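Here are the chains, one letter per residue:
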Amino acid sequence: MKPIIFKGKDSFAIGTQFGKIYKKNGFSVDWITINKTIYSQQLKIYKKYFPSFLDELRGIAIAGGYDLDMLQYSFIGNSVEWMMSTNRYTATACSVFGLKKGTDLFVGRNYDWLPETEKVFCVYKTYNPKNYAHISVSDMNIYKKRIALTDQSYLPVDALNEHGLYIGLTASINNDWAYGLSSMHMIKLVAETCKNVAEAVRLFKKVPLNCAKNFFIADAQGNMVVVEHFSGLNLKIVKPKDDLLIQTNHYNDPEFSKQDKILLYRPTNTTFLRYYEILREVNLRKKTFKQKHILEILNKEGSLLLQNTPTARSIWTLSFNMTKKQYVLHYDLFGKKKSLRLKI
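Residues numbered from 1 in each chain as written. Predicted model: local features only at pLDDT ≥ 70, side-chain atom pairs only at ≥ 80, totals over all residues. Heavy atoms only, no water.

**Some details on a nonpolar patch on the surface**
Next up, step 1: Taken together, the side chains of L263, F272 and Y276 make up a nonpolar region of the molecular surface, amounting to roughly 320 Å² of accessible area.
Next up, step 2: Position of L263 relative to the elements: it lies in helix α9 (residues 262–265).
Next up, step 3: Judged by its relative accessible area of 56%, L263 is exposed. (Patch = residues over 30% accessible without salt bridge, like charges linked within 9 Å, V, L, I, M, F, W, Y side chains within 5 Å. Areas by Shrake-Rupley, 256 points an atom, 1.4 Å probe, with all protein chains shown as cover. Salt bridge = Lys/Arg side-chain N within 4 Å of Asp/Glu carboxyl O. Helix = DSSP H or I, 4+ residues; strand = E, 2+ residues; numbered from the N terminus. Buried < 20%, exposed > 50% of the residue type's maximum accessible area, 1.4 Å probe, protein only.)

**Focus: the side chain of H250**
Next up, step 1: Here H250 shows up in the loop between β11 (244–247) and α8 (254–259).
Next up, step 2: In this structure the side chain of H250 is engaged in a polar contact, spanning 3.3 Å, whose partner is the side chain of T248. (Polar contact = N/O pair within 3.5 Å; in protein donor to acceptor, adjacent residues only side chain to side chain.)

**Topic: the sheet that holds strand β3 (residues 104–113)**
Next up, step 1: Pairing within the open sheet is antiparallel, and its 6 strands lie in the order β11-β2-β3-β12-β13-β14. The open sheet terminates on both sides in strands that have one partner only, identified here as β11 and β14 (338–341). When the angles between neighbouring strand axes are averaged without regard to direction, this sheet yields 15°.
Next up, step 2: In terms of strand pairing, strand β13 (residues 326–331) meets β14 through 4 bridges, oriented antiparallel. (Pairing = 2+ DSSP bridges. Axes fitted to C-alpha atoms, helices over the stretch in contact; angles between N-to-C directions.)

**Comments concerning the pairing of strand β6 (residues 158–161)**
The two faces of a sheet get side chains in turn, since along a regular strand they alternate between them.
Next up, step 1: Taking every second residue as pointing to the same face, both faces of β6 are buried, with D158 and L160 on one and A159 and N161 on the other.
Next up, step 2: One ladder, built from 4 bridges, connects strand β5 (residues 134–138) with β6; its direction is antiparallel. Paired with S136 across the two strands is A159, which belongs to β6.
Next up, step 3: Taking the residues between adjacent antiparallel strands as the criterion, β6 and strand β7 (residues 166–171) are bridged by 4 residues, where G164 takes a positive phi near 80°.

Encoded structure:
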């Protein structure tokens, strides 16, 4: 796998590159019906907190020949409308952990989603002198089993920037919604504008999000936190305990855990089992932990951490030493097991 490169003088220029690809792929917004209330509220938030993304969308619209309002609504408004009207309790199985050992901070992560995602996920780098350079891993915004080029868009699930700041998400089962940035747009904003965990946390505390998600954040200085989010500005910061931090799909903050709907809507979800499997496997290796142990834990055959069902599969694994800036992406986990070293 060779990363795709997007390079331009500003966000508008980057957008024109996306737009040409979307046009070639047959991406369309003709089906969009704009809800004026949602669009007005969302546009106000994006203008305040993420205006450079609107510049990018303007570039996409011009290069792709799209109506700007319909394109903007498809990216910043349609998801809110969907969350307001749909039961969103999908198959969910992502797992991530961080372990601080001496001066090393290890981060391991399995991204689990629809098995079909294996065919289309990609790695791309973005170079824009007005933002921090970053590398993204994207599921191409796939949300249904039928894979089509017309549905795909470049949005990050995991991102790593030039300062060694990593951010990635795990899903929440909770269906709270509010006006705000989408989770993947927040990942993009953090990667483009933050150097470290402290800056990312400050950003989360002022930028509202439109849905419930969890975000694992780590930096090159050896810091890590999880931002557990309902929606809007309703969030909790979870810190490591005994140099270990684990996030699956349930809330770990004591207050949030009382409001968590995972046992109500997904009582058979493996989130708790995966959490404690990571805890057990890390503690078994804690005294001598090395980067190779990340794969031993997350890619162990027969483990609940390595998903392979008709509705959810482990698409990629991240194996990072944050402080030594050693970053590896592993994929084709049930085939030839390929690896890609990530470099900005």
